[in-house]
Amino acid sequence: MSIQWFPGHMAKTRRLLTEQLKWVDVVLELADARIPVSSRNPMLHKLLGSKARLLLLNKADLADPNWTSKWVKYLKESGPVYAVSATSGVGIKQIVPELERMVLAKQARQAEKGIRQQMIRVMIVGIPNIGKSSLINQLTGGGQAKVGNKPGVTRGNQWVRIHERVELLDTPGMLWPKFDDLEVGRKLAALGAIKDDVFDIEELSSWVLEWFNQYSPDSLARYKISEPEVTLESIGRKRGCLIHGGRVDTLKAAQIFLRDLRMGQLGSITMDHLN
């Protein structure tokens, strides 16, 4: 099952990001703590070059805390990283102080040249539905950005004051043109970064269930199924998703399963593992 989604507005976003980089001091990159590698856009490494970057593993409240701790430790080898939750507010207070630390050297150089201290300008980037708008609302106290639990809510770029000395440029969610690793596309789709109408929901749900049966069977305990493996059929029967003749409506079962997964009803899960 191959999943690809790169609509035209994402190509435009990439062009704008490249043009606007020269105006910012730091890039704030959001990734999903449940898939901290699969949710990072590989194009950004080339686009950002040597620009200072702060990585935030958002939705940490939905991820396995043991895996999150391991990932933070591992990713810190490449630069500053924090686990946060834009919905609960966990970790949010660390962001502005870290941004201030990251520009100290630049500001010292400017001071030597007689340039007075200026606003810290930050660009926020990440995949669709990663929680950029929710994060901005946390930083500003609410009401600054549209929030939705689906990819593609934010389409325009806008500057937002998040602190007396920090301005943040919001950008639309952006994927990359081709997922070389098929599992990356599946994980992104499973956790809501890709629109549901561009892939087969039943096929994807079956793959995700196979993954959980193999790597995290305890996550499926909520379905109270005694069979060796949990399937769309068994979930459908348990939830009463029956159609004519007593057959299981596997599409409805798949929709229930994906909703449970995305809303955190399966408990704390992490689908990217360190070797």
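Please read these numbers as outputs of a predicted model, since none were measured by experiment. (Residues numbered from 1 in each chain as written. Predicted model: local features only at pLDDT ≥ 70, side-chain atom pairs only at ≥ 80, totals over all residues. Heavy atoms only, no water.)

(A) Expanded view of the side chain of Ser85. One can find Ser85 in the loop between strand E3 (81–83) and helix H4 (95–102). For Ser85, a relative accessible area of 1% puts it in the buried group. A distance of 3.0 Å separates polar atoms of two side chains, one belonging to Ser85 and the other to Thr87. In terms of polar contacts, Ser85 uses its side chain to reach the side chain of Ser88, at 3.0 Å. Excluding residues within four positions of it along the chain, Ser85 makes contact with Asn58, Lys59, Asp61, Val90 and Ile92. (Helix = DSSP H or I, 4+ residues; strand = E, 2+ residues; numbered from the N terminus. Buried < 20%, exposed > 50% of the residue type's maximum accessible area, 1.4 Å probe, protein only. Polar contact = N/O pair within 3.5 Å; in protein donor to acceptor, adjacent residues only side chain to side chain. Contact = heavy atoms within 4.5 Å.)

(B) Expanded view of the confidence of the model for the chain. On average, residues of the chain carry a pLDDT of 88, and 91% of them reach 70 or more. Below a pLDDT of 50 lies the segment residues 146–155, which in the model reaches 27 contacts outside its immediate sequence neighbourhood of four places, other chains included. (pLDDT = per-residue confidence, 0-100.)

(C) Up close: the pattern of salt bridges. Evaluated as defined, the whole model comprises 13 salt bridges. One salt bridge connects Arg101 with Glu98, and the closest N-O pair in it is separated by 2.8 Å. Taken as a pair, Arg101 and Glu98 lie in helix H4 at a separation of three residues, close to a single helical turn. (Salt bridge = Lys/Arg side-chain N within 4 Å of Asp/Glu carboxyl O.)

(D) Geometry of the nonpolar core. Within the largest apolar cluster, 70 residues are counted, with the highest numbers of intra-cluster contacts made by Leu28, Leu135, Leu188, Phe212 and Phe257. Among the elements that make up this core, the one with the highest residue count is helix H8 (residues 201–215) (seven residues). Phe212 has contacts with Pro217, Ser219, Leu220, Phe257, Leu261, Leu266, Ile269 and Met271, leaving out every residue within four places of it along the chain. Of all hydrophobic cores here, the second largest spans 10 residues; its members include Leu55, Trp67, Trp71 and Leu75. (Core = buried A, V, L, I, M, F, W, Y, C linked by side-chain atoms within 4.5 Å.)

(E) Summary view of the packing of helix H7 (residues 182–190) against H8. Between H7 and H8, whose axes approach to 10 Å, the crossing angle comes to 105°. The orientation of H7 relative to H8 falls into the category roughly perpendicular. Only Leu204, Trp207 and Val208 of H8 make contact with H7, whose side of the interface consists of Glu183, Arg186, Lys187, Ala189 and Ala190. A breakdown of the residues in the contact of H7 with H8 according to their chemical character gives five nonpolar, no polar and three charged. (Axes fitted to C-alpha atoms, helices over the stretch in contact; angles between N-to-C directions. Parallel < 35°, antiparallel > 145°, perpendicular 65-115°, else oblique. Nonpolar A, V, L, I, M, F, W, Y, C, P; charged D, E, K, R; others polar.)

(F) View of the sheet that holds E3. With mixed pairing, six strands are arranged side by side in an open sheet as E3-E2-E1-E4-E6-E5. Both outer strands of the open sheet, E3 and strand E5 (158–163), are each paired with one neighbouring strand and no more. Strand-to-strand twist in this sheet, taken as the mean axis angle between neighbours without regard to direction, amounts to 25°. Note that E5 and strand E6 (residues 166–170) share five bridges and pair antiparallel. Each residue of the ladder has a partner; that of Val160, found in E6, is Leu168. (Pairing = 2+ DSSP bridges.)

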